[in-house]
Amino acid sequence: ACTVMVSRYDPKTKKIHHYPVTACLVPICSLHGAAVTTVEGVGSIKTRIHPVQERLAKCHGTQCGFCSPGMVMSIYTLLRNHPEPTPEQITEALGGNLCRCTGYRPIVESGKTFCAVSNDKKYFFNSCTSLSISEVPFVFCFVEMCTKLYNEDEFQPFDPTQEPIFPPELIRMAEDPNKRRLTFRGKRTTWITPVNLNDLLELKTSFPEAPIIMGNTAVGPSIKFRDEFHPVFISPLGLQELYFVDSTDDGVTIGAGYSLAQLNDALHFIVSEQPKEKTKTYHALLKHLRTLAGAQIRNMATLGGHVVSRPNYSDLNPILAAGNATINLISKEGKRQIPLDGRFLEKSPEANLKSEETVLSVYIPHSTQWHFVSGLRIAQRQENAFAIVNAGMSVKFEDGTDTIKELQMFYGSVGPTVVSASKTCQQLIGRKWNDQMLSDACRLVLDEIYIPPDAEGGMVEYRRTLIISLLFKFYLKVRRGLNKMVRTTSLGLWFVSALEDFPIETPQGIQMFQCVDPHQPPQDPVGHPVMHQSAIKHTTGEAVFVDDMPPISQELFLAVVTSTRAHAKIILIDTSAALALPGVVDVITAEDVPGDNSYQGEIFYAQNEVICVGQIVCTVAADTYAHAKEAAKKVRIVYEDLEPRIITIEQALEHNSFLSAEKKIEQGDVEQAFKYVDQIIEGKVHVEGQEHFYMETQTILAIPQEEDKEMVCTYVTLGTYLFQEYVAAALNIPRNRIACHTKRAGGAFGGKVSKPALLGAVSAVAAKKTGRPIRFILERGDDMLITAGRHPLLGKYKIGFMNNGVIKAADIEYYINGGCSPDESELVMEFMVLRSENAYYIPNFRCRGRPCKTNLPSNTAFRGFGFPQGIVVGEAYITAVASQCDLTPEQVKEINMYKRTSRTAHKQTFNPEPLRRCWKECLEKSSFSARKLAAEEFNKKNYWKKRGLAAVPMKFTVGMPTAFYNQAAALVHIYLDGSVLVSHSGCELGQGLHTKMIQVASRELNIPESYIHLSETNTTTVSNATFTAGSMGADINGKAVQNACQILKARLEPVIRKNPRGTWEWGKCLFFSLLTSLLRGYQTNMDWKKGEGNAFPYFVYGASCSEVEVDCLTGAHKLLRTDIFMDAAFSINPAVDIGQIEGAFVQGMGFYTIEELKYSPEGVLYSRGPDDYKIPTVTEIPEEFNVTLVHSQNPIAIYSSKGLGEAGMFLGSSVLFAIYDAMAAARRERGLTKTFTLSSPATPELIRMTCVDQFTDMVRLVRRAPC
Ligand SMILES: Cc1cc2nc3c(=O)[nH]c(=O)nc-3n(C[C@H](O)[C@H](O)[C@H](O)COP(=O)(O)OP(=O)(O)OC[C@H]3O[C@@H](n4cnc5c(N)ncnc54)[C@H](O)[C@@H]3O)c2cc1C
Ligand code: FES
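Predicted model, so just to flag it, every value in this text is computed and none were measured.

### Focus: a negative patch on the surface
Taken together, E706, E707, D708 and E710 make up a surface patch of like negative charges. Tracing the backbone shows E710 in the loop between β29 (699-704) and β30 (711-715). A residue is classified by how much of its surface remains accessible, and E710, at 35% relative accessible area, is partly exposed.

Structure representation (structure tokens):
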């Protein structure tokens, strides 16, 4: 797992210290004397599972399970230190772990089961409750609603005394008085652990250039990502002299070895002991320590390492400098002190420590009565993200006055180092702390701190605005403090809202779903919230992913060499240097492809020219991945750039560059209608793309067989037939020679439909050429670069409407950035166009769309398949119409929403009744109107913070417009012992498909679930399986499994009749007990020439409403509450369905708010990992998150259920529109016009720059217009 627990014995305190760490950043040598506990050591299905593992599984906190061991370790470590944690501690402990599937709510909930006191105010529905839905004729009159997805009574008790003991020999080692220096010698580097301080100083003199490795959180990433090399490392980790807190009357000295977590504890203690006026610096540090990285990094990173490494984004150094901290240094020459000031932070050589010196400790003086210190920061997400801009500021006044005696301002993330605005501060000395001073300060600091237009990280105008916005916040904080001490003009109520940052709350909420009919046989699991089939294996780490598979004899690793040019001719590929390196077996290029190198427009290895940055040019096969990667760097490619280089949609439109023909649907007479409307508006909407960020990157194991050119491939995918097809084409062999296996994927979200097929072809060619098994695992950066993601969209609209809000005509154009090859772009566009009307009836409606061909990596399927982008355009024009008509967007939605059985714009008949119910219940049950009024009241009182609410309705489609894709197959074996093996054509991606299939087989065969096993999906048992996509995995595979079981059950009838009291061991009487069932699936069709057809088997309806609060000064937002009402018809498994809805919602929310892919104008992707691309963490999810499954009927699907895998994604847009509502309120107050253009994502940058004010006006650079 990413997170493991390290335990160390402290001989001074005689205590054992347990803490979580990020495993990949811990050098193995640093663990000498420590005990490491991994998830395997916590519990196992082979022995005993731990309560943490059990509860995470039973609370449905795992879906794909790739993150689960890390989650277990974070909660487990917390419990080792705090057996009865608070909910806040649970949230804090999970802040450093990412999950892409669940939306975190169930993970937090599993942790909360260990809390003595829960903060859940809202869990009042312990038993079933009744909800009247009698107004809807086609559903049951009363549906019993349940709110508990698991039963606490089933949990084994947690007994903290039963944990494994710390190894006594490690205690003896730690207390050994005869300890000696420890040296580990490797091939290239030597690791030395000094025995005491003198030894450390000796070593520092002998190896002045050697880094001191403490947390390794600065050195480690430099070695991994920036190829830094050190022949010697000195690691004084655990050296007692570096670990202490010394408190005096004037301040506190903290040992350099203290981790940031220990620093946090020490400061909390000091703050509790000292009077408030002395602790202002400590409070400022504590605020930033809560959000700096995650718990793992805070437990590894040390104060000394932080101060010395001086990252330009440092959250602590600006505060330490503002608080006049000093650094205590030691070397063989003796001790000395240097100030931790601007010159030190700006790395001025004369202010630096000498290479032979070590930081012993940092002294932080107490603040005084007339001294104010603050830390300020804004990041893309609240926790675990580097600051976009941060600052540490302090001011000292002449006693008893508001006259500035000393002023210090330090800014992070505005240049290559933390910078001091020293000139500005100097010029303000002697000034009064008033508005005029602030205005001059802003002008001066903008002059002093220059961010060049091409600065790394971009966002120049925003960052400049933040420089003065943060200064303003500091100004107000000090004003507030001064008001209590001297008479200054008191702060107006309006300004108070600028002061506080958003608090981090522990999420809570209710999940409601239909109770199971009390008459249903107890053995029948359908409708119950059954735990994911692999959940326990996920949480114990025993679920096998492809990379967990043991090495195969002779196997080789593959590393890729990708194009660095967007469009260029390949002049030369020189592989000689790569081939000469140790361990390298071969370099594979297009020349080596025995079959088609270009298949259906997808190119496996670039040939003659490259068409995007990130295209695979060649691969290197070597005995280890390290060798392969090293050699890949040595491949020399000479390019000659070609024109045109098309990167953006706008450039593609200019060049008329498209991947396929236009798709269009139309109803009524749009042109004619425009002539008779009251008003017409036109607009554009930009929706940016999204990275799948599945936790398990693309992974393939290709094993060539001895006979008949057979190839066995194990990989993660959601489309086995496509994989087989591509591999067969590349190898030029029939598909029956290729056996493809997939057991589970660590998340997919659409990103593992077509890309594994391409990568499979690439690796199969390597396997064929070398004749050896190939293990091909993409690193995160390569995965993000090569496989691309969701299509960015440019939407254009022209809307004709009446003054009462009725929309009469709409003309919509969609253009998506498809990238350099067809992939699924045409299909995505078809879906986008077909779903473009969403929930609204517009009598004269036209939608046209085309995918653009550009020189970017080819974008692909992503959950929602175009819908989450396309529908933003619709909601945007609804919002614009509302603004023009002086109505709320919700009123315009209501006015134009489908009301009765109707035909869609592509002429498919449907009944929108569940849509209206979801919408109505969403508004009513969330008290939307009352909360909207309350938000307006709040906004009147708070100039710098604004609240916004928005509700969105949804009509989503399930299935595909082509019938071929809507079919599935199943193979059910009943063995002679009565056990049953189910295979089907769907892939398990974490969405609980296998779990639902077991529920189906259990009901149909009338046997307990424990009799049924589901092992994997493969092409040898179920052939020609279509994608597990379109939200219909459970629909079509469920029907196939049902069908197979029913036929088998019928065959068993004679046996049962003979022995009606017999048991399931009837199976023993069967010799013909297996059956393949190939199902004719949903019959759909679409005639694109006419623009009409029954394109989808059915629709899923839903609505969500969200409330946010926005900080107008920084652009941060907080999601206060979300309510989702989703039409689930009859849920086969409410836990799985709610998990899908919540997970998709949070993924959608990330897409619409913080996830931002950044490309250079040359088409180079900058965001290639978790540092640059931020998916939501536990702190982003709604503070209150309520989900209700609304009951309806859907006879066409199995057990009248509905497919809910994707629908929740779009509901995340309620957050986007709530943010827009809040921004609109800010703009109205500032006297700006009502309408402004929408774009997505609503990042902090966009929010800040849209909430224009005197500070944005002051910053006079040309800016990316938000409007
Ligand atoms: C995932 C991640 C997220 C992060 N997020 C944030 C964030 O949000 N905000 C933020 O401010 N920082 C963040 N950081 C940076 C982190 O705070 C620093 O990397 C960390 O404080 C460095 O401490 P260390 O002990 O790990 O240093 P090491 O990597 O062990 O050492 C760093 C440098 O300091 C020197 N050094 C260490 N100790 C001494 C000593 N006693 N005397 C002399 N020289 C010494 C070493 O020689 C080396 O050059 C993040 C880092 C990571 C990996
Ligand atoms: S369950 Fe967390 S990433 Fe899949």
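### Focus: the packing of aromatic side chains
Tallying each qualifying case throughout the model produces 33 aromatic pairs. A ring pair is formed by Y150 and F155, whose centres lie 5.8 Å apart and whose planes are at 20 degrees; its orientation type is stacked. Exposure remark for Y150: the relative accessible area of 11% places this residue in the buried category. The exposure class assigned to F155 is buried, which follows from its relative accessible area of 10%. Centre to centre, the rings of W433 and F474 are 5.8 Å apart; their planes meet at 90 degrees, and the pair counts as edge-to-face. Of this pair, W433 sits in the loop between α15 (422-428) and α16 (435-448) while F474 is found in helix α17 (residues 460-483), placing the two residues 41 residues apart along the sequence.

### Brief notes about the domain arrangement of the protein
As far as domains go, the protein holds domain 1 (3-119 + 138-168), domain 2 (180-234), domain 3 (243-491), domain 4 (546-646 + 692-779), domain 5 (910-958 + 1096-1266) and domain 6 (967-1079). The straight-line distance from the C-alpha centre of domain 5 to that of domain 6 is 40 Å. The interface is formed by 17 residues belonging to domain 5 together with 17 residues belonging to domain 6. Contact between domain 5 and domain 6 buries roughly 1,300 Å² in total, counting both sides, with carbon and sulfur atoms accounting for 53%.

### A short note on the UniProt feature "binding site: FAD" (unreviewed entry) in the protein
As recorded in UniProt, the feature "binding site: FAD" (unreviewed entry) lies at I212, I213, M214, G215, N216, T217, A218, V219, D315 and R377. Spanning 166 residues, the annotated positions stay apart in the fold, the maximum distance between their C-alpha atoms being 28.8 Å. Examined against the element boundaries, I212 turns out to sit in the loop between α7 (197-206) and α8 (219-226). Not counting chain neighbours up to four residues away, the residues in contact with I212 comprise L200, K204, I234, P236 and T358. Its location among the elements puts A218 in the loop between α7 and α8.

### Digging into the packing of α16 against α17
Close contact between α16 and α17 brings their axes to 10 Å; oriented N to C, the two are set at 150 degrees. In terms of axis orientation, α16 runs roughly antiparallel to α17. α16 and α17 meet at a crossing whose hand is right-handed. Here D435, M437, L438, A441, C442, V445 and L446 of α16 lie close against α17, whose contacting residues are R464, I467, I468, L471, F472, Y475 and R479. Tallied by class, the residues present in the contact of α16 with α17 amount to eleven nonpolar, no polar and three charged.

### Details of the sheet that holds strand β1 (residues 3-10)
Across a sheet, strands are paired by hydrogen bonds formed along the backbone, either parallel or antiparallel in direction. Sheet architecture is open: three strands sit in the order β2-β1-β3, paired in antiparallel fashion. Only two strands of the sheet have a single partner each, and these edge strands are β2 (15-22) and β3 (35-37). Going from strand to strand, the sheet's axes swing by 25 degrees on average, the running direction of each strand aside. Relative to β3, β1 is paired through three bridges, and the arrangement is antiparallel.

### A few points about the environment of T91
Mapping T91 onto the fold places it in helix α4 (residues 87-94). Put simply, T91 and Y104 are 13 residues apart on the chain and 9.8 Å apart in space, counted from C-alpha to C-alpha. Apart from residues no more than four positions distant in its own chain, T91 is found in contact with R290, E505, T506, P507 and V1178. Polar side-chain contacts of T91 include one of 3.0 Å to the backbone oxygen of P87.

### Focus on the nonpolar core
Y411, W433, Y605, I799, I812 and Y877 are the most contacted members of the largest nonpolar core, which has 271 residues in total. Of all the elements, α17 adds the most residues to this core, at 13 residues. Not counting chain neighbours up to four residues away, the residues in contact with Y605 comprise I588, T589, A590, V593, N597, I616, V617, C618, T619, V762, V765 and A766.

### Considering helix α2 (residues 51-58)
Most of α2 is tucked away, with eight of its eight residues classed as buried. Of the residues making up α2, those classed as buried are P51, V52, Q53, E54, R55, L56, A57 and K58. Those residues of α2 that are buried are in contact with α1 (39-42), α3 (68-81), α5 (105-112) and α19 (535-540). In the stretch just after α2, H60 is the one whose phi turns positive, near 65 degrees.

Cut-offs applied
- Residues numbered from 1 in each chain as written.
- Chains lettered and ligands numbered in written order.
- Predicted model: local features only at pLDDT ≥ 70, side-chain atom pairs only at ≥ 80, totals over all residues.
- Heavy atoms only, no water.
- Patch = residues over 30% accessible without salt bridge, like charges linked within 9 Å, V, L, I, M, F, W, Y side chains within 5 Å.
- Areas by Shrake-Rupley, 256 points an atom, 1.4 Å probe, with all protein chains shown as cover.
- Salt bridge = Lys/Arg side-chain N within 4 Å of Asp/Glu carboxyl O.
- Lys, Arg positive; Asp, Glu negative; His and termini not counted.
- Charge placed at Lys NZ, Arg CZ, Asp CG, Glu CD.
- Helix = DSSP H or I, 4+ residues; strand = E, 2+ residues; numbered from the N terminus.
- Buried < 20%, exposed > 50% of the residue type's maximum accessible area, 1.4 Å probe, protein only.
- Phe/Tyr/Trp six-rings, centres within 6.5 Å; stacked < 30°, edge-to-face > 60°.
- Domains from an automatic or database assignment.
- Contact = heavy atoms within 4.5 Å.
- Buried area = accessible area lost by both parts, 1.4 Å probe.
- UniProt positions renumbered as here; feature names shortened; annotations may be inferred.
- Axes fitted to C-alpha atoms, helices over the stretch in contact; angles between N-to-C directions.
- Parallel < 35°, antiparallel > 145°, perpendicular 65-115°, else oblique.
- Left-handed = near helix turned anticlockwise from the far one by under 90°.
- Nonpolar A, V, L, I, M, F, W, Y, C, P; charged D, E, K, R; others polar.
- Pairing = 2+ DSSP bridges.
- Polar contact = N/O pair within 3.5 Å; in protein donor to acceptor, adjacent residues only side chain to side chain.
- Core = buried A, V, L, I, M, F, W, Y, C linked by side-chain atoms within 4.5 Å.

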